[in-house]
Amino acid sequence: MVSTSAIHRVKGRIRYKIEGLYRSQALADYLQQTLSQQTGVEEVKANSLTGNLLIKFDPTYPASEIKTLVENTVASYQSGQNVSSESQPQKTETFSSDGKDWHFLEIDRIVQQFGTSPTEGLSDSAIAHNAQQYGSNTFLEAEARPDLEIILEQFNSLPVALLGVAAGISLVTGGVADALTIAGVVGLNAVIGYVTESQSERIIQSLKSQGKPIALVIRNGREETI
């Protein structure tokens, strides 16, 4: 029998000490994935550093049923690990149901999940359906900023505002030369900033137009380049 002892219990929430969980991240992933899919279970957190399992569940469920569910899940994992030395080691899938961590899945599982075939690929109808559901398979391109916007952005900063205030004070107090000097510094800074950023914009636009990414795919049983 698997050893699972409750170390903290309140209504709808129990923390267990799980035998074999300490330093076993694979078991922790298995518990979280399997238990979170059970009816009545709301949240599962398994910690391989402490060997503890926190499970939140519907308060109307008896705690004894939750304990049995946990013990059966641990026993199922352990029985799956008892393979012979000639067998391949069992892989624990740690992907989540929201579509993340596809690299943990076998190829056949991915093919089945996306409704395609490694030999036939997608059909025209499937492509049209996916395009309608998910949109076109392209990146959104940022539009180039107009020159006026780049120029105005050179004055949209705190140092420039402080220099403008200083120029105004100098002008009011009779320091025309100081005001002109400060204005010249602000103007020179704006020119340098505009030239630098406008050149960067042109470089980015030129890089985007140098070539288009391509991919080799299978469509209707034929290899195509798209």
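Refer to the preceding data block for the structure.
Residues numbered from 1 in each chain as written. Predicted model: local features only at pLDDT ≥ 70, side-chain atom pairs only at ≥ 80, totals over all residues. Heavy atoms only, no water.

Draft legend 1. Representation of unusual backbone geometry in the model. Even without being glycine, R23 reaches a positive phi, approximately 65°. One can find R23 in the loop between strand 2 (13-18) and helix 1 (25-35). (Helix = DSSP H or I, 4+ residues; strand = E, 2+ residues; numbered from the N terminus.)

Draft legend 2. Spatial organisation of the side chain of S198. On the secondary structure map, S198 appears in helix 7 (residues 176-208). Within the structure, S198 has its side chain in polar contact with the backbone oxygen of V195 (distance 3.0 Å). (Polar contact = N/O pair within 3.5 Å; in protein donor to acceptor, adjacent residues only side chain to side chain.)

Draft legend 3. Region of interest: a nonpolar patch on the surface. Side chains of L171, V176 and L180 sit close together on the surface and give an oily, nonpolar patch of about 300 Å² of accessible area. By the element assignment, V176 lies in helix 7. Given the relative accessible area of 41%, V176 is considered partly exposed. (Patch = residues over 30% accessible without salt bridge, like charges linked within 9 Å, V, L, I, M, F, W, Y side chains within 5 Å. Areas by Shrake-Rupley, 256 points an atom, 1.4 Å probe, with all protein chains shown as cover. Salt bridge = Lys/Arg side-chain N within 4 Å of Asp/Glu carboxyl O. Buried < 20%, exposed > 50% of the residue type's maximum accessible area, 1.4 Å probe, protein only.)

Draft legend 4. Quick look at the sheet that holds strand 3 (residues 41-47). Judged by pairing direction, the sheet is antiparallel, and its 4 strands sit side by side in the order 1-2-4-3 without closing on themselves. Either end of the sheet is taken by a strand with one partner, and the two such strands are strand 1 (4-10) and strand 3. Strand-to-strand twist in this sheet, taken as the mean axis angle between neighbours without regard to direction, amounts to 20°. Strand direction decides the pairing type here: strand 3 and strand 4 (residues 52-57), joined by 6 bridges, are antiparallel. Within strand 4, the residue paired with E43 across the bridge is K56. (Pairing = 2+ DSSP bridges. Axes fitted to C-alpha atoms, helices over the stretch in contact; angles between N-to-C directions.)

Draft legend 5. Geometry of the side chain of S170. Tracing the chain through its elements places S170 in helix 6 (residues 158-172). The class of S170 is buried, set by a relative accessible area of 15%. Discounting chain neighbours no more than four positions away, the residues touching S170 are G175, V176, D178, A179 and I182. (Contact = heavy atoms within 4.5 Å.)

Draft legend 6. Quick look at the pattern of salt bridges. Going through the model one piece at a time under the given rule, you end up with 4 salt bridges. Where K67 meets E71, a salt bridge forms, and the shortest distance between an N and an O atom there is 2.4 Å. Taken as a pair, K67 and E71 lie in helix 2 (residues 63-81) at a separation of 4 residues, close to a single helical turn. Taking relative accessible area as the criterion, K67 reaches 29% and is therefore assigned partly exposed. For E71, a relative accessible area of 12% puts it in the buried group. When salt bridges with common partners are traced through the structure, they connect E43, K45 and K56 into a single cluster.

Draft legend 7. Expanded view of the layout of surface pockets. Here the largest pocket is characterised by a volume of approximately 740 Å³. Of all the secondary structure elements, the ones that give two or more residues to the lining of the largest pocket are helix 3 (107-113), helix 4 (124-134) and strand 5 (216-219). In terms of residues, the lining of the largest pocket owes the most to one element, helix 4, which gives 7 residues. For the lining of the largest pocket, the residue count by class is 11 nonpolar, 11 polar and 1 charged. (1 Å grid on protein atoms, 1.4 Å probe; cavity = no way out; pocket = protein on both sides within 12 Å on 5 of 7 lines; lining within 4 Å. Points joined across faces, edges and corners; volume = space filled by probe spheres on them. Nonpolar A, V, L, I, M, F, W, Y, C, P; charged D, E, K, R; others polar.)

No statement about biological role is implied by the geometric values presented.
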